[in-house]
Amino acid sequence: MTDKNTYLHATDVHRTFGDVTALSDVSIDIPAGSVVALIGPNGSGKTTLLRILAGLLAPSDGEVTYDGPDATRPLGYLPQAPTFRPGFSTRETIAFYARLVDDDPDELLDRVGLDRVPDRRVEALSGGMTRLLGIAQALAGDPPVLALDEPASGLDPGMSRRVFDIVEALAEDGHSVVVTSHDLPLVERAADRVVVLDRGEVVAADTPAALRERTGGPLHETFTSLVEADDSVAIRTEATR
Ligand SMILES: Nc1ncnc2c1ncn2[C@@H]1O[C@H](COP(=O)(O)OP(=O)(O)OP(=O)(O)O)[C@@H](O)[C@H]1O
């Protein structure tokens, strides 16, 4: 049975890469009007799950269903390392994406704080600015579901907060937002629900407050108590990439 206010469902998702199991029987719902944060150690399967949720990678088993409203663009996606075609300015780049979905490029740039550098070539943007342009691209067309892979990574504290403010505002507007992040204080502040992955499995899925109650301390303490202290999996799988 699916909740009609849940825009995206992943059911029993399993994904392998050769002999590496990246995800094992993962089931999660991404409700409308909320932020779901995927957290977990490096190599725990967050990006793989996000890409499967975004329809960019097929699960080896299980399924993902979109149950949101009809939309020109149902889902916006920010990759972990957004790249853009060199030789074009920030505004030309976002105008390309905006035109596809009848959106306003200047508003998109303004939303992510890039309105001051419309003429800068994309190859001259800093790492953080490139990420912000990626977020603007993901927002184009106002998709009901946003899947953002580490949107605040590499950003200064002010910009990180701004990005998470955008994330929260999107949820308040009724969007479904699923986000991966290693910034646990920001996750704790912004997420309605936190899914903790470890070695491809969901080891906890709850509200930040409920997770905090497990240890009585901040989210990073719960995180540490939930995930196994062993980096051998990440090292082993790195060799097969
Ligand atoms: N294309 C691939 N080929 C082989 N293994 C892969 C591939 N993509 C991911 N993996 C493996 O799947 C596992 C999960 O990787 P994933 O990138 O989803 O982790 P993550 O939680 O996003 O990590 P990080 O926090 O470092 O970004 C890792 O062990 C990784 O090495």
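Since this is a predicted model, take the numbers as computed values, not measurements. (Residues numbered from 1 in each chain as written. Predicted model: local features only at pLDDT ≥ 70, side-chain atom pairs only at ≥ 80, totals over all residues. Heavy atoms only, no water.)

As for its position among the elements, Lys-46 is in helix α1 (residues 46-53). Although buried, Lys-46 forms no salt bridge, and the nearest oppositely charged side chain, Glu-150, lies 5.4 Å from it. Among the polar contacts made by the side chain of Lys-46, one reaches the main-chain carbonyl oxygen of Gly-40 at a distance of 3.0 Å. What Lys-46 contacts, discounting residues up to four positions off in sequence, is Leu-38, Ile-39, Gly-40, Pro-41, Thr-180, His-182 and Leu-197. (Helix = DSSP H or I, 4+ residues; strand = E, 2+ residues; numbered from the N terminus. Buried < 20%, exposed > 50% of the residue type's maximum accessible area, 1.4 Å probe, protein only. Lys, Arg positive; Asp, Glu negative; His and termini not counted. Salt bridge = Lys/Arg side-chain N within 4 Å of Asp/Glu carboxyl O. Polar contact = N/O pair within 3.5 Å; in protein donor to acceptor, adjacent residues only side chain to side chain. Contact = heavy atoms within 4.5 Å.)

When you line up the elements, Ser-176 lands in strand β7 (residues 176-180). Residue Ser-176 is classed as buried on the basis of its relative accessible area, which comes to 0%. With residues near it in sequence (within four places) discarded, Ser-176 still touches Tyr-7, Ile-30, Pro-31, Ala-32, Gly-33, Ser-34, Pro-144, Val-145 and Leu-146.

For any two helices packed against each other, the geometry comes down to the angle between their axes and how far apart the axes lie. Packing of helix α7 (residues 208-215) against helix α8 (residues 219-226) brings their axes to within 8 Å, and their N-to-C directions diverge by 65 degrees. The angle between the axes of α7 and α8 places the two elements in the roughly perpendicular class. Between α7 and α8 lies a crossing of left-handed hand. On α8, the residues that touch Leu-211, Arg-212, Arg-214 and Thr-215 of α7 are Leu-219, Glu-221, Thr-222, Ser-225 and Leu-226. Taken together, the residues that form the contact of α7 with α8 break down as three nonpolar, three polar and three charged. (Axes fitted to C-alpha atoms, helices over the stretch in contact; angles between N-to-C directions. Parallel < 35°, antiparallel > 145°, perpendicular 65-115°, else oblique. Left-handed = near helix turned anticlockwise from the far one by under 90°. Nonpolar A, V, L, I, M, F, W, Y, C, P; charged D, E, K, R; others polar.)

Residues given the UniProt feature "domain: ABC transporter" (unreviewed entry) here are residues 8-224. Structurally, residues 8-224 is divided into 35% helix and 28% strand, and its ends, taken at the C-alpha atoms, are 28 Å apart. (UniProt positions renumbered as here; feature names shortened; annotations may be inferred.)

Our next topic: a negative patch on the surface. Taken together, the side chains of Asp-12, Asp-25, Asp-61, Glu-63 and Glu-201 define an acidic patch exposed on the protein surface. Among the secondary structure elements, Asp-25 is positioned in strand β2 (residues 20-31). Since its relative accessible area comes to 56%, Asp-25 is described here as exposed. (Patch = residues over 30% accessible without salt bridge, like charges linked within 9 Å, V, L, I, M, F, W, Y side chains within 5 Å. Areas by Shrake-Rupley, 256 points an atom, 1.4 Å probe, with all protein chains shown as cover. Charge placed at Lys NZ, Arg CZ, Asp CG, Glu CD.)

A word on the pattern of salt bridges. Oppositely charged side chains can pair when the atoms bearing their charge come close. On inspection of all chains with the given rule, the structure shows five salt bridges. Close ionic contact of Arg-189 with Asp-165 constitutes a salt bridge, the shortest N to O distance being 2.8 Å. Of this pair, Arg-189 sits in helix α6 (residues 184-190) while Asp-165 sits in helix α5 (residues 157-172), placing them 24 residues apart in sequence. With a relative accessible area of 42%, Asp-165 lands in the partly exposed category. It is possible to trace a salt-bridge network through shared partners that takes in Asp-165, Glu-168 and Arg-189.

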